[in-house]
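Take a look at the letters that make up each chain.
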Amino acid sequence: MSTPLTLGTAGHIDHGKTALVRALTGRQTDRLPEEKRRGISIELGYAALELPNGRRLSVVDVPGHERFVRTMVAGATGIDLYLLCVAADDGVMPQTREHCAVLRHLGVPEGVVAVTKSDLFDPEAAAEEIAELMPAAEVVAVSARENSGVPELLAALERSAERLPGRVADEGEPRLHVDRSFTLRGIGTVVTGTLWSGSVCGGDRVVILPRGLDARVRSVQVHDEPVDRAMAGQRVALALTGVDWREVGRGDLVCGGESGIEPTYRIDVSVEFEPGTRPRRGERLHVHHGTREAPARLAALGDGLAQLRLEAPLMPVRGDRLVLRRLAPPDTIGGAVVLDERPRRHGPAPEVVERLRALERGESPPDDSPHGPGVSGGRVNATSAPGASSGEQQLDTAALELAAMLRADGERPRADGDLATEAGLEPSQAAKRLSALVRAGLAVRVARNLHFDPVALETLTARIVVMCERDGQATIGGVRDGLGTTRRYAQALLEYLDTERVTRRQGDSHVLRRR
Ligand SMILES: Nc1nc2c(ncn2[C@@H]2O[C@H](COP(=O)(O)OP(=O)(O)O)[C@@H](O)[C@H]2O)c(=O)[nH]1
Ligand SMILES: [Mg+2]
């Protein structure tokens, strides 16, 4: 059996990614009402693709909107090959470039470029721009409307898949970065994601990080079909017992009980920046790993090495790839490879560089010192660990519990007071932890006494923006009905978008500001 592979789409908004996935797989991956009506992808979409030679690929369809690059990164993480779509009439656009940078820094070397909409426009000019941007890639002109170019595209994907080195079967402990969790009647908690390494089968004990929850795998599915064992490279759905579906979500890591992976707030890396985009000294960046992200500051160590000091935990392993994004103006500015996932806090020094270079070569340095503080047994449990300086505050279990509640509440989070009661905290203690979560990017304060999970808020924002684009404006009543929510949430969201300068109030309605 050939090794399982996952294919991810990439490319600017409206460049025909979702239409092409549909032409290839028969599956409509846009599911939200706004996605269907406006034809804009907001969430990740999934489908299975069987190539003519019988090889099966998992397909992840990503959004192209500039606001959703973090969703794109979460979808592109763990993919083996890309399908970059460039519209013949538009050519290379900003998110074409940014998605290419993300793919490069994630280390996805293989894939095919489709010049889409070639029924509308001669694909030649777009093909020339692509040759400059991705000189090594095969380029195929297609039209999803006329279903032309599809056999050629499939053949190019087959060739691309064959060039991949292929994974070693059963490489180590299982690691699955969760992109969704939900509950199914009669089955219970289900999480999905791409299995990065190892294999999983029913009965396995797993740990869910960063909170360190124990669970057991009840059953495993790949593309809606039950399997005995899922292998690295497959998109997998795991039914879990021992955890509620609301306790797990996008950004979490499901790993083997013996993996030894622990959440960390510091990572030593080798970095590479896009031309002309070095971060300013002390600039706050976003570090993306797996389906999770954390704000961080980068301390240069010299010689292309750096220490990332994180404000929220990540769960990387040596050799993993990270994507570095700038917040304002938002853009992907580089990538990094993990050399030490739990270093001490240190600055530039010859012995630091020497040690990291040794790790990079795969050697374990003689003085392999004990790891940094603050985490043990896979659980984050120190508020402020000894050795961590101010500005490197770590989140305690109560904070992570509040974050998990917000994530579970999704589009309708309970008020701050109810969060405190549920967690058994005094309001002032809860407020402190909510502020820490906001600083760490794990919660967003939307109104007095109301916080949202950032992923849920991003989707809601997107849906409201799409409504505004469609109707020219949005009202409280319109948002309430459109989102199927209550007046209270609709009002809080619109006022929040005004203060964030996404929209502007005009009488009783809110209109989009020009970006
Ligand atoms: N004429 C033509 N229109 C297309 C083609 N592919 C997509 N479209 C249209 O372009 C718009 C955007 O397509 P979509 O697949 O949603 O783009 P995405 O944002 O990249 O996923 C939709 O209105 C599609 O119907 C094509 O091959 N030819
Ligand atoms: Mg789309």
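Calculation rules
- Numbers given for residues are sequential positions, taken from 1 along each chain in its written order.
- All chains are assigned letters beginning at A, and all ligands numbers beginning at 1, according to the order in which they are written.
- Thresholds applied to this predicted model are a pLDDT of at least 70 for local features of residues and 80 or more for the giving and counting of side-chain atom pairs; totals over whole chains, interfaces and linings are not thresholded and use all residues.
- For side-chain calculations, the full set of non-hydrogen atoms in the structure is used, while hydrogens and water are omitted.
- Numbered from the N terminus, helices here are DSSP runs of H or I no shorter than four residues, and strands are runs of E no shorter than two.
- Two things to know: the radius of gyration comes from C-alpha atoms, and the globule rule equals 2.2 Å times the number of residues to the power 0.38.
- Only protein chains enter the accessibility calculation, which uses a 1.4 Å probe. A residue is then buried if its area is under 20% of the maximum for its type, exposed if over 50%, and partly exposed in between.
- It only takes one pair of heavy atoms within 4.5 Å for two residues to be counted as in contact.
- Nearness of a residue to a molecule or strand requires only that one of the residue's heavy atoms be within 4 Å of it.
- Identification of polar contacts relies on pairs of N or O atoms within 3.5 Å, with a donor-acceptor requirement for protein atoms, meaning one able to donate a hydrogen and the other able to accept it, and with residues adjacent in sequence counted only if both atoms are side-chain atoms.
- All accessibility values rest on the Shrake-Rupley procedure with a 1.4 Å probe; residue burial counts only the protein chains present in the view.
- Put simply, Ala, Val, Leu, Ile, Met, Phe, Trp, Tyr, Cys and Pro go in the nonpolar bin, Asp, Glu, Lys and Arg in the charged bin, and everything else, Gly too, in the polar bin.
- Pairing between two strands is assigned when DSSP locates at least 2 bridges connecting them.
- Call a crossover right-handed when, viewed with both strands pointing away from you, the route from the first strand across the helix to the second goes clockwise.
- We call a set of buried residues a nonpolar core when its members are Ala, Val, Leu, Ile, Met, Phe, Trp, Tyr or Cys and they connect through side-chain atoms within 4.5 Å of each other.
- Between N-to-C directions, angles span 0 to 180 degrees; the directions come from axes that are lines fitted to C-alpha atoms, helices contributing only their stretch in contact.
- Disulfide assignment relies on a single distance test, namely cysteine sulfur atoms paired within 2.5 Å.
- For every residue, the predictor states its confidence as a pLDDT score lying anywhere from 0 to 100.
- When a carboxyl oxygen of Asp or Glu lies within 4 Å of a side-chain nitrogen of Lys or Arg, that pair is called a salt bridge.
- Note on aromatic pairs: the rings of Phe, Tyr and Trp (six-membered ring only in Trp) are paired at centre separations within 6.5 Å, and the planes decide the class, stacked below 30 degrees, edge-to-face beyond 60, tilted for the rest.
- To sit over a ring, a charge needs its Lys NZ or Arg CZ within 6 Å of the ring centre and within 35 degrees of the ring normal.
- Cavity and pocket criteria rest on a 1 Å grid covering protein atoms alone: a 1.4 Å probe that fits but cannot get out defines a cavity, protein on both sides within 12 Å along at least 5 of 7 lines defines an open pocket, and an atom within 4 Å of a point defines a lining residue.
- Grid points are joined across faces, edges and corners, and a volume is the space filled by probe spheres set on the points.

### Notes on the overall build of the chain
A tally of regular secondary structure across the chain gives 13 helices and 28 strands. Its C-alpha atoms give the chain a radius of gyration of 23 Å, within 12% of the compact-globule value 24 Å for 515 residues. Projecting the C-alpha coordinates of the chain onto the three principal axes gives extents of approximately 65 × 65 × 50 Å. A burial count over the chain gives 57% of its 515 residues as buried. A separation threshold of at least 6 residues defines the contact pool for the chain, and within that pool the share at least 24 residues apart is 68%.

### So, the site of ligand 1
Near ligand 1, the surroundings consist of 15 residues, among which Asp14, Lys17, Ala19, Asp119 and Ala144 are the closest. Separating an oxygen atom of ligand 1 from a backbone N or O atom of glycine 16 is a distance of 3.0 Å. One nitrogen or oxygen atom from the side chain of lysine 117 is found 3.0 Å from an oxygen atom belonging to ligand 1. A total of 580 Å² of accessible area belongs to ligand 1 in isolation, and the protein chains cover 81% of it. Here the shell around ligand 1 is composed, by residue class, of four nonpolar, six polar and five charged.

### Side note on the pairing of strand 6 (residues 138–141)
Two faces, one strand: in a regular strand the side chains alternate between the faces of the sheet. Summarising the sheet, strand 5 (residues 110–116) and strand 6 pair through four bridges and their orientation is parallel. Looking at the pairing, valine 113 lines up with valine 139 of strand 6. Each parallel crossover has a hand, and the one from strand 5 via helix 5 (residues 124–133) to strand 6 is right-handed.

### Some thoughts on the nonpolar core
By size, the foremost hydrophobic cluster in this structure holds 39 residues, and its most contacted members are Leu395, Leu402 and Leu437. When residues in this core are grouped by element, the largest group, seven residues, is from helix 8 (residues 397–409). Val73, Ile79, Val92 and Cys100 belong to the second largest nonpolar core, which has 27 residues in total.

### Some points on the sheet that holds strand 19 (residues 305–314)
In space, the six strands of this closed barrel follow the order 16-19-18-17-20-21, with antiparallel pairing throughout. Each neighbouring strand pair of the sheet contributes to a mean axis angle of 45 degrees, computed without reference to strand direction. Where helix 4 (residues 94–106) meets the sheet, its contacts fall on strand 16 (264–273), strand 20 (321–326) and strand 21 (331–340), and the angle it forms with strand 20 comes to roughly 150 degrees.

### Details of the state of the cysteines
Chemically, a disulfide is nothing more than a covalent bond linking the sulfur atoms of two cysteines. For the coordinates displayed, the defined rule picks out zero disulfides. Cysteine 85 carries a free sulfur, and the closest cysteine sulfur to it, the one in cysteine 100, is 11 Å from it.

### With respect to the confidence of the model for the chain
Taken as a whole, the chain shows an average pLDDT of 88; of its residues, 92% reach a score of 70 or greater. Across residues 370–391, where pLDDT falls below 50, the model places 47 contacts with residues more than four positions away in sequence or in other chains.

### A few points about the pattern of salt bridges
Applying the stated criterion across every chain, the model contains 26 salt bridges. Aspartate 320 serves as the salt-bridge partner of arginine 175, at 2.7 Å between the closest nitrogen and oxygen. Note that arginine 175 is positioned in strand 7 (residues 175–184) and aspartate 320 in the loop between strand 19 and strand 20, a separation of 145 residues in sequence. What makes arginine 175 buried here is its relative accessible area of 10%. Between arginine 297 and glutamate 311 there is a salt bridge, with the nearest N and O atoms lying 3.5 Å from each other. Placement of the pair is arginine 297 in strand 18 (residues 292–302) and glutamate 311 in strand 19, with a sequence separation of 14 residues.

### Some details on the sheet that holds strand 27 (residues 503–506)
Hydrogen bonds between backbone groups are what pair the strands of a sheet, and the pairing can be parallel or antiparallel. Pairing within the open sheet is antiparallel, and its three strands lie in the order 26-28-27. One side of each edge strand has no neighbouring strand; the edge strands of this open sheet are strand 26 (474–475) and strand 27. Lying over the sheet, helix 13 (residues 487–499) contacts strand 26, strand 27 and strand 28 (509–512), oriented at roughly 110 degrees with respect to strand 27.

### Overview of the packing of aromatic side chains
Tallied over the full model, the rule gives one aromatic pair. Relative to tyrosine 489, the ring of phenylalanine 452 lies with its centre 6.3 Å away and its plane at 85 degrees, an arrangement referred to as edge-to-face. Taken together, the residues span a long stretch of sequence, with phenylalanine 452 in strand 25 (residues 450–452) and tyrosine 489 in helix 13 at a distance of 37 residues. Overall, the relative accessible area of 0% leaves phenylalanine 452 in the buried class. A cation over a ring is seen here: arginine 488 above tyrosine 489, with NZ or CZ 5.0 Å from the ring centre.

### Description of the pairing of strand 20
Of all six residues in strand 20, five are buried; the element is thus mostly enclosed. Pairing of strand 17 (residues 284–289) with strand 20 involves four bridges; the strand directions are antiparallel. Its bridge partner lying in strand 20, histidine 286 is registered against arginine 325. Where strand 20 meets strand 21, six bridges bridge the pair, whose relative direction is antiparallel. Paired with arginine 325 across the bridge in strand 21 is threonine 332. Where strand 20 folds back onto strand 21 in an antiparallel hairpin, the turn is made up of four residues.

### Quick look at empty space enclosed by the protein
On inspection of all chains with the given rule, the structure shows three cavities of 30 Å³ or more. Estimates place the volume of the second largest cavity at around 40 Å³. Lining the second largest cavity, in full, are Tyr46, Val60, Ala74, Gly75, Thr77, His177, Asp179, Thr194, Trp196, Arg235 and Thr291. Those elements giving two or more residues to the lining of the second largest cavity turn out to be helix 3 (69–76), strand 7 and strand 8 (188–197). Among the residues making up the lining of the second largest cavity, the classes are represented as four nonpolar, five polar and two charged.

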